[in-house]
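One letter stands for each residue in the lines below.
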Amino acid sequence: MAKMHDTPMLDELTKGPWPSFVTDIKKAAEAGNEACADLLGQLELSYKDKEGHWKHGGIVGVLGYGGGVIGRYSDVPDLFPGVEHFHTLRVNQPASKFYKTERLREVMEIWNNRGSGMLNMHGSTGDMVLLGAFTEELEPIFAELTQKGWDLGGSGSALRTPACCVGKARCEFACIDTQDICYSLTQEYQDEMHRPAWPYKFKFKIDGCPNCCVASLARSDCAIIGTWRDDIRIDQEAVAAYVGGEIAAHGGANGADAKLDIKADVIDLCPTGCMFYEDGKLTINNAECTRCMHCINVMPRALRPGLDTGASILVGAKAPILEGAQMGSLIIPFIKMEEPYDEFKEFVEKMWDWWDENGKNRERIGELIQRLGLSAFIEAVELKPIPQMVKEPRSNPYIFYKEDEVPGGFERDIADYRKKHAR
Amino acid sequence: MAEFQANKITDIGPPKYDEMWPQVIKDNYGKWLYHDILEPGVLVHVSESGAKVWSLRCGATRLMTTMFLEQVCKLADEYCGGFFRFTTRNNIEFIVSDESKLEPLKKALADNGALPLGGTGAGVTNIVHTQGWVHCHTPAIDASGVVKAVMDELFDYFNSHKLPAQVRISLACCLNMCGAVHCSDISILGVHRKPPVIEHSHLDKMCEIPTTIAACPTAAIKPNKVDEFKSVAVNADRCMFCGNCYTMCPAMPLADAAGDGIALWVGGKVSNAKSMPMFSKLAVPYIPNEPPRWPTTVNTIKKIVEVYAGDAMKYERVGEWAQRIGWEKFFEKTGLEFSHHHIDDYRFAATTWRTSTQFKW
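Per an unreviewed UniProt entry, the recorded name for chain B is Sulfite reductase, dissimilatory-type subunit beta, and the organism is Desulfoferula mesophila.

In the annotation of an unreviewed UniProt entry, chain A is listed under the name Sulfite reductase, dissimilatory-type subunit alpha and assigned to Desulfoferula mesophila.

**Notes on the overall build of chain A**
On a plain count of helices and strands, chain A comes out with 15 helices and 14 strands. For the C-alpha atoms alone, the extent of chain A along its principal axes is close to 90 × 75 × 40 Å. Taking contacts inside chain A between residues at least 6 apart in sequence as the whole, the part at least 24 apart equals 63%. As displayed, chain A has an accessible area near 17800 Å², and 49% of this comes from carbon and sulfur atoms. Between the mean site of the 48 positive side-chain charges and the mean site of the 64 negative ones, chain A shows a separation of 3 Å.

**Considerations on the overall build of chain B**
Counting its regular elements, chain B contains 11 helices and 12 strands. With respect to the principal axes defined by its C-alpha atoms, chain B has extents near 75 × 75 × 35 Å. Classification of the 361 residues of chain B by burial places 58% in the buried group. Sequence-distant contacts in chain B: of pairs separated by 6 or more residues, those separated by 24 or more amount to 63%.

**Some remarks on helix H10 (residues 318-325) of chain B**
The element H10 of chain B is extensively covered by neighbouring structure, given that six of its eight residues are classed as buried. Just beyond H10 of chain B, the residue with positive phi is Gly-326 of chain B, at close to 95 degrees.

**Some details on the interface of chain A and chain B**
Taken residue by residue, the interface counts 132 residues in chain A and 124 residues in chain B. Roughly 11200 Å² of surface becomes buried between chain A and chain B when both sides are summed, with 60% attributable to carbon and sulfur atoms. Among the residues of chain A in contact with chain B, Trp-18, His-56 and Arg-170 of chain A are the three that bury the most area, contributing 9% of the side total. Our enumeration of links across chain A and chain B arrives at nine salt bridges. The shortest N-O distance in the salt bridge between Arg-347 of chain B and Glu-323 of chain A comes to 2.3 Å. Across the contact surface, chain A and chain B share 66 residue pairs in polar contact (both at pLDDT 80 or more). For the side of chain A that touches chain B, the element with the most residues is helix H4 (residues 101-114) of chain A, which contributes eight residues. Split by residue class, the side of chain A that touches chain B holds 61 nonpolar, 38 polar and 33 charged.

**Thoughts on the sheet that holds strand S1 (residues 32-39) of chain B**
Strand order across the open sheet formed by six strands is S3(A)-S5(B)-S6(B)-S3(B)-S2(B)-S1(B), with antiparallel pairing between neighbours. Each edge of the sheet is formed by a strand with only one pairing partner; in this case those strands are strand S3 (98-100) of chain A together with S1 of chain B. Averaged over all neighbouring strand pairs, the angle between strand axes comes to 25 degrees, with direction disregarded. In the sheet, S1 of chain B pairs with strand S2 (residues 42-47) of chain B via six bridges, with the strands oriented antiparallel. Along S2 of chain B, the bridge assignment pairs Asp-36 of chain B with Val-44 of chain B.

**Comments concerning the confidence of the model for chain B**
With 98% of its residues at a pLDDT of at least 70, chain B reaches an overall mean of 96. Confidence estimates for the predicted assembly give a pTM of 0.97 and an ipTM of 0.96.

**What about unusual backbone geometry?**
Residues and elements named next belong to chain A. Here the amide bond leading from Ile-321 into Leu-322 is cis, since omega sits at 5 degrees, within 30 degrees of zero. Mapped onto the fold, Leu-322 is located in the loop between strand S13 (309-315) and strand S14 (329-335). Cis geometry is adopted by the peptide bond preceding Pro-340, which originates at Glu-339 and carries an omega value of 5 degrees. In this fold, Pro-340 is placed in the loop between S14 and helix H12 (342-358).

**Thoughts on the sheet that holds strand S4 (residues 63-65) of chain B**
Where strands meet in a sheet, backbone hydrogen bonds hold them as pairs that are either parallel or antiparallel. Taken in spatial order, the five strands make up an open sheet running S1(A)-S2(A)-S5(A)-S4(A)-S4(B), and their pairing is antiparallel. Across the chains shown, the open sheet's two edge strands, defined by having one partner strand only, are strand S1 (69-70) of chain A together with S4 of chain B. Where strand S4 (residues 118-121) of chain A lies against S4 of chain B, three bridges are found, and the strand directions are antiparallel. Along S4 of chain B, the bridge assignment pairs Asn-120 of chain A with Leu-63 of chain B. Across the sheet, H4 of chain A is in contact with strand S2 (87-91), S4 and strand S5 (128-133) of chain A; its angle to S5 of chain A comes to roughly 15 degrees.

**Some remarks on the pattern of salt bridges**
What the rule picks out here adds up to 46 salt bridges over all chains. For Asp-256 of chain B, the salt bridge goes to Lys-194 of chain B, with nearest N and O atoms at 3.0 Å. Separated by 62 residues along the polypeptide, Asp-256 of chain B in the loop between helix H8 (244-248) and strand S11 (261-266) and Lys-194 of chain B in the loop between strand S8 (186-191) and helix H6 (200-206) bring together distant segments of the chain. For Lys-194 of chain B, a relative accessible area of 34% gives the class partly exposed. Connected through salt bridges with shared partners, the residues Arg-105 of chain A together with Glu-70, Lys-74 and Asp-77 of chain B form a single ionic network.

The rules behind each value
- Counting restarts for each chain, with residues numbered from 1 along the sequence as it is written.
- Whichever chain is written first becomes A and whichever ligand is written first becomes 1, with later ones labelled in order.
- With pLDDT at 70 or above as the cut-off, local features in this predicted model cover only qualifying residues; side-chain atom pairs require 80 or more to be listed or tallied, and sums for whole chains, interfaces and linings still use all residues.
- Calculated side-chain values reflect all of the structure's heavy atoms, with hydrogen atoms and water omitted.
- Secondary structure is summarised from DSSP: a helix means a run of H or I of at least four residues, a strand means a run of E of at least two, and numbering begins at the N terminus for each.
- In what follows, a contact means two residues having at least one pair of non-hydrogen atoms within 4.5 Å.
- Accessibility throughout is a Shrake-Rupley quantity obtained with a 1.4 Å probe, and a residue counts as covered only by protein chains that appear here.
- When charges are counted, neither His nor the chain ends are considered; positive counts come from Lys and Arg and negative counts from Asp and Glu.
- The atoms used to mark charge sites are NZ of Lys, CZ of Arg, CG of Asp and CD of Glu.
- Relative accessibility thresholds used throughout: buried, under 20% of the residue-type maximum; exposed, over 50%; partly exposed, between the two (1.4 Å probe, protein chains only).
- The term buried area means the drop in 1.4 Å probe accessible area that two parts suffer when joined, counted for both and summed.
- Any Lys or Arg side-chain nitrogen found within 4 Å of a carboxyl oxygen on Asp or Glu counts as a salt bridge.
- We define a polar contact as two N or O atoms separated by no more than 3.5 Å, with the added condition that, inside protein, one atom must be a possible hydrogen donor and the other a possible acceptor, whereas residues neighbouring each other in sequence contribute only through side-chain atom pairs.
- The residue classification treats Ala, Val, Leu, Ile, Met, Phe, Trp, Tyr, Cys and Pro as nonpolar and Asp, Glu, Lys and Arg as charged. All others, Gly included, are polar.
- Note on pairing: two strands pair once DSSP finds at least 2 bridges between them.
- For every element, the axis is a line fit to its C-alpha atoms; helices are fit only across the contacting stretch, and the angle between N-to-C directions ranges from 0 to 180 degrees.
- The predictor reports its confidence for every residue as pLDDT, a score running from 0 up to 100.

Here you go:
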């Protein structure tokens, strides 16, 4: 039987309409789970102290891997022995987080037998996060997981577990096979994921369209975002049905009976002003369209992305540490993403080589691009600079010309100069 | 341990995605034509094959036990052929291809009590968040508890579509931002406000001094000798409390009950729809930690959501609204105080200053 702790503050979090993690963990504690009882005890102490109670880090792992396990120890183990060790295992999730219950139960069973029974579905990067194992259980857990066909994800200065949106599995907007790209990158770069060898972490996220539901352009060093380069497909009959109020606007997102005002909701909100509605017909000047998705979002039955699909690649997004938060910068406006994705992988490997060569300790690729310049990066990955890569050309006049760009080079003779110009 | 090393398998990667798909998803992969949200939390997707799937989206706690997950599995077994999924924002989705199962499944979810329907369309969906005091070693705040308190108060926006557009809320418990909340409509960020306290007697044993010095983005750390100990000194004037030194050196903790708390940021987005993706901007620099229910944080967020709901135009995200009315009007309408903390003074500060005579009173 687990020793239950008094948790008057946490008990306040069992109230209210939103599901309560306290209620859930308490039930497990009452069923005899010591880690659950002690986790609540330690969390209650943190609520009282307004400070956390976990020690800094701890080097633990499984042999052969440099990551996938995060060490964690309580700094009050005498009070809460059930969470004295509380290591995390990151288990690589299936792309887009569909689960067959029979397979998920394999992980749950291992975790019930050898861990705390608590987990995150899912961590910020995408893994299933098993929270709370003792050191001696790590190798057995890993062995049992892999025997059942599950593997660990990435941690530390390595490739982090790639993640993607629901994609073509259940979304009509997806322009690329997000799951397959995610799976292919994950399998191809297992070594990069499990054996940290880089300046810092590197994340891939794959979004099927510019709506960016997995936040790739804010949260991944390399964002792969589905797009198209031909014309938006229009079904004029469906347009008329929207105009006639027969179909709810925005797929019902603003209410199942929301009517579409084609001028106010579509034409006037188009950021490039490239849409026209005249004589009951919708036309789009596709050459001016920037594929923002708004019109497609609000008229999903009438408008669809084009058929010549591929991806835009943005590089360098990251959270603030160290130089400030960055969003990804557009590096490849359009690339066909077809299995086995060789052209994309060639780009990736050039990018990693440059970062590996030039990056400082704990420098994300986005920061390295800031430090050495976007031009240097574009050159390193052997791309041609084009206006699509920037919002606007430079306004500062300090251009770093290279010697071979100027006729005759930089070497000059002062005596020659003085022949024409008195001192 | 040897028994586990002998037949070690490594680098197999995750199970292949399509092994986890119900048949209807396999059959209609890439064939989806359109979707409708029938009511909050209930979507129908229609395929060109004529097939339909109904997805029931439920709010869930990211932190859960296998006991709870087993309940979810049982529901999936009973109604969904043994399949279900999680969304990027930690919602749980039950998918059925047989319409007759829809109402019984809805009833089963209601009976469960911990799987509320919602999180679709123009509302507030589940909050993505980090570990907080439950597991992390650098947090300034708790995560799960703050999320619970905020979602209880915003629950009415979770299961309705009455906002102008979707509002994405995220939480990260320190500036490391594992939650990468910097592009959210509203973000809740744990902040430290005191420089690290230095354990001189142990620093040289626990940390590499050159690495520690190099870790500081503002060059505020220098070598220092205290009594017989080789250690470091921190120039408090240059410290911006980022915690990068503590990440590199456990002898420099930042956590402090009186110093730590919450900053609120607003107006970020990752979608490209209409406007470009945007960073979140500072709304409130500091709110003290108020466990267990964080009332000031909860009430401030509710206030922001309500002012936005009343003032924004249809389809306008929080950031688009604030940009249209002007940030000076954002502070006026929300009643939030503007202080010197709102004026940027780091790397790209000048890009945020007003270089125009255009402004509003």
